[in-house]
Amino acid sequence: MDFVSRFGAAFVRRWIAGVSVDDAVRESALINRAEEQVMINYLGEHFHDMSQVENAVNTYSELIDKMEKNKVHGCIAIKATQLGMGIDDQRCYKNYIFIAKRAQKAGVFVWLDMEEHMYVSKTISLYLKALRERKNIGICIQGKLKRSYADARRIVRMHGRIRLVKGAYDESRRIMYTDREGVFENYLMIMRYLFEHSEEFIIATHDDRIIDSALRLNLIHRKKFAFAMLKGIRGKLAEKIAKQGNTIFIYVPFGPQWLAYSIRRLREGSNIALVLRSVLQQ
Ligand SMILES: Cc1cc2nc3c(=O)[nH]c(=O)nc-3n(C[C@H](O)[C@H](O)[C@H](O)COP(=O)(O)OP(=O)(O)OC[C@H]3O[C@@H](n4cnc5c(N)ncnc54)[C@H](O)[C@@H]3O)c2cc1C
């Protein structure tokens, strides 16, 4: 194997289930065995060609079928730009509803991931419109964006379901908090709001301070909430959280377009050395 392939394989092993739907379902079965649920995502974003969109819709359909057949405990996570946002917004809406309907029949919940700031308003509008006709859908909100507290209130007031993350994209200082404490405080403010006003939500983070705060808030509010983490990151902590009786979802990405996702995880983590070590040990 050449260096690039070995490097790629190491990424794939750590953060990504594999390239096919079957790989994702197989990995999910292992995760389910550890009393953790899955949140499966087909990798890819910013499609500019309808054939890529069709392929994504077909892949999610196949995934939902196989999740049902194999009794996978979990949900799926899709991106608006995989469904045609930015190419044909009407088609994007139809695709979203199509997947949500199909998922509902299989008892699968559908999360809408959140992408860069230019898609945020459009993604929230897409979600709120679909919420009028589908109930098995939720949306990701990014805690580091200054607008997110207002967005969360709007969504909760319409009985939407939120998955709160910090946010994976670097945006301008004008629209996001860039320092650790600023992000933390804004995340906490939104999380408190969810505990006080939302019926059901997900706290998606690997941050101990946030996890501890959520557990403390739940002693007061007793909400139906779950944690979520990314595959390959802080797996021991995920295990511990599940063993303590909390619901936890592991985000399981799959598909051939693993590079952009892996670069984001590498940038966030301190695990460049770890990945390099696993490559060299092959
Ligand atoms: C289930 C789930 C779904 C997500 N969906 C979206 C989405 O739709 N849109 C979006 O913008 N973002 C999404 N994200 C990513 C999220 O926005 C953050 O980029 C990511 O979770 C890191 O933030 P953190 O809260 O874990 O805090 P951090 O402060 O980044 O991390 C806390 C601690 O976790 C560990 N850690 C975190 N990341 C890594 C890593 N890569 N490698 C090694 N250790 C690490 C470190 O110990 C770190 O100190 C999602 C995250 C999760 C868990």
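Refer to the structure printed above.
Each value, and the rule that gives it
Residues numbered from 1 in each chain as written. Predicted model: local features only at pLDDT ≥ 70, side-chain atom pairs only at ≥ 80, totals over all residues. Heavy atoms only, no water. Near = heavy atom within 4 Å. Polar contact = N/O pair within 3.5 Å; in protein donor to acceptor, adjacent residues only side chain to side chain. Areas by Shrake-Rupley, 256 points an atom, 1.4 Å probe, with all protein chains shown as cover. Helix = DSSP H or I, 4+ residues; strand = E, 2+ residues; numbered from the N terminus. Nonpolar A, V, L, I, M, F, W, Y, C, P; charged D, E, K, R; others polar. Core = buried A, V, L, I, M, F, W, Y, C linked by side-chain atoms within 4.5 Å. Buried < 20%, exposed > 50% of the residue type's maximum accessible area, 1.4 Å probe, protein only. Contact = heavy atoms within 4.5 Å.

Caption draft 1: Quick peek at the site of the ligand. Of all residues adjacent to the ligand, which total 25 residues, the nearest are Lys-166, Gly-167, Thr-205, His-206 and Glu-268. Contacts to the ligand include Gln-142, whose side-chain N or O atom sits 2.8 Å from an oxygen atom. One of the side-chain nitrogen or oxygen atoms of Thr-205 is found 2.6 Å away from an oxygen atom of the ligand. In isolation the ligand has 930 Å² of accessible area, and contact with the protein removes 86% of it. Among the secondary structure elements, those contributing two or more residues to the shell around the ligand are strand S4 (137-142), strand S5 (162-165), strand S7 (224-230) and helix H10 (259-268). Ranked by the residues each element gives to the shell around the ligand, the list is headed by S7, at three residues. Here the residues of the shell around the ligand sort into 11 nonpolar, six polar and eight charged.

Caption draft 2: Quick look at the nonpolar core. Core analysis: the biggest nonpolar cluster contains 98 residues, and Ile-76, Tyr-96, Met-191 and Ile-203 have the highest contact counts within it. Filtering out sequence-adjacent residues up to four positions away, Ile-203 remains in contact with Leu-164, Tyr-187, Met-191, Ile-210, Ala-214, Phe-225, Ala-226, Phe-227 and Ala-228.

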